[in-house]
Amino acid sequence: MKFTTIFNEEIDTPCAGCVVADSTKFREGRIYQSKLWDLSQDFEIAYPGMIVLSPMRHVSNYMDLSEDELNELKILTCHCKIAIKKIFHCEKIAYMFYEKPDGHIHFIIIPLHGLIEIKDKYSVLGELMVKANNLRTDKENMVRVSQAIDDYREYFINI
Ligand SMILES: [Zn+2]
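A brief structural summary. (Residues numbered from 1 in each chain as written. Predicted model: local features only at pLDDT ≥ 70, side-chain atom pairs only at ≥ 80, totals over all residues.)

**Some thoughts on the environment of F26**
- Mapped onto the secondary structure, F26 falls in the loop between α1 (16-21) and β3 (30-33).
- Overall, the presence of 21 C-beta atoms within 10 Å leaves F26 in the buried class.
- Expressed as a C-alpha distance, the spacing of F26 and F43, which sit 17 residues apart in the sequence, is 7.8 Å.
- Setting aside its immediate chain neighbours within four residues, F26 contacts T5, E9, V19, V20, S40 and F43. (Helix = DSSP H or I, 4+ residues; strand = E, 2+ residues; numbered from the N terminus. Buried ≥ 20, exposed ≤ 12 C-beta atoms within 10 Å, placed from the backbone. Contact = placed C-beta atoms within 7 Å.)

Set out below in structure tokens:
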């Protein structure tokens, strides 16, 4: 799989999730990393505040996540909620997860803060995919994306 991230990094990899977890790559998008989880801005969709949580190891199936990974996922998800309320003053948050055969399971958290009109949390990803090209070429939007990453980093450095 070959792709260019929202920060114009060219990546060629069999697994995008493993690349995101690799601390030498996608550095501009990284918000926080523990031994078990990576939290980064989505590398394809430049929506301000869109967080992707990926396990540091290649896990395809939710049921293969360890007890430690599940416990930490819960804690990190709660921190994401607090950070979003603090940074965006936003109550509505979309949450979903991706699980595909042999894929890298990941969890997506999207603050519905009104920067982009989104009808409801069930249509959010479809609407963002349609706008993906415009979002990454819109300079003002990219400033907001970087600001959101900085704000998240400031929050997560203190957890
Ligand atoms: Zn992987």
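Next comes the rest of the account.
**Some remarks on the nonpolar core**
- Judged by nonpolar contacts, the single largest core of 32 residues is most densely connected at V20 and I51.
- Elements with a minimum of two residues in this core: α1, β3, β5 (51-55), α2 (67-88), β7 (106-111), α3 (124-137) and α4 (139-156).
- If near-sequence neighbours (up to four positions away) are discounted, V20 is found in contact with F26, D38, S40, F43, V52 and S54. (Core = buried A, V, L, I, M, F, W, Y, C linked by C-beta atoms within 7 Å.)

**A word on the pairing of β5**
- Taking burial as the measure, the five residues of β5 include five buried ones, the bulk of the element.
- Inspection of the sheet shows strand β4 (residues 37-41) paired to β5 by five bridges, in the antiparallel sense. Counterpart to W37 in the pairing with β5 is P55.
- Here three bridges tie β5 to β7, and the two strands are oriented antiparallel to one another. Across the sheet, L53 pairs through a bridge with F107, a residue of β7. (Pairing = 2+ DSSP bridges.)

**Structural notes on the packing of α2 against α4**
- At a minimum axis distance of 10 Å, the contact between α2 and α4 shows a crossing angle of 125 degrees. Of the possible angle classes, the one that applies to α2 and α4 is oblique. As for the relative orientation of α2 and α4, their crossing is right-handed in sense. Of the residues in α4, those touching α2 at H79, A83, K86 and I87 are A148, D151, Y152, Y155 and F156. (Axes fitted to C-alpha atoms, helices over the stretch in contact; angles between N-to-C directions. Parallel < 35°, antiparallel > 145°, perpendicular 65-115°, else oblique. Left-handed = near helix turned anticlockwise from the far one by under 90°.)

**Comments concerning α2**
- Relative to the 32 Å expected for 22 residues at 1.5 Å per residue, α2 spans 31 Å between its end C-alpha atoms, a close match to the ideal helical length.
- By the burial criterion, the buried members of α2 are L76, C80, A83 and I84. For α2, the angular spread of the buried residues around the axis is 100 degrees, confining them to a single face. Exposed positions of α2 whose direction lies more than 90 degrees from the buried face are E67, L70, N71, K74, I75, C78 and I82.
- Those residues of α2 that are buried are in contact with β4, β5, β6 (93-98), β7 and α4.
- The positive-phi residue at the C-terminal boundary of α2 is H89, with phi of around 50 degrees. (Expected span 1.5 Å × (residues − 1). Arc of directions from axis to C-beta.)

Read these as layout, nothing more, since geometry by itself doesn't imply function.
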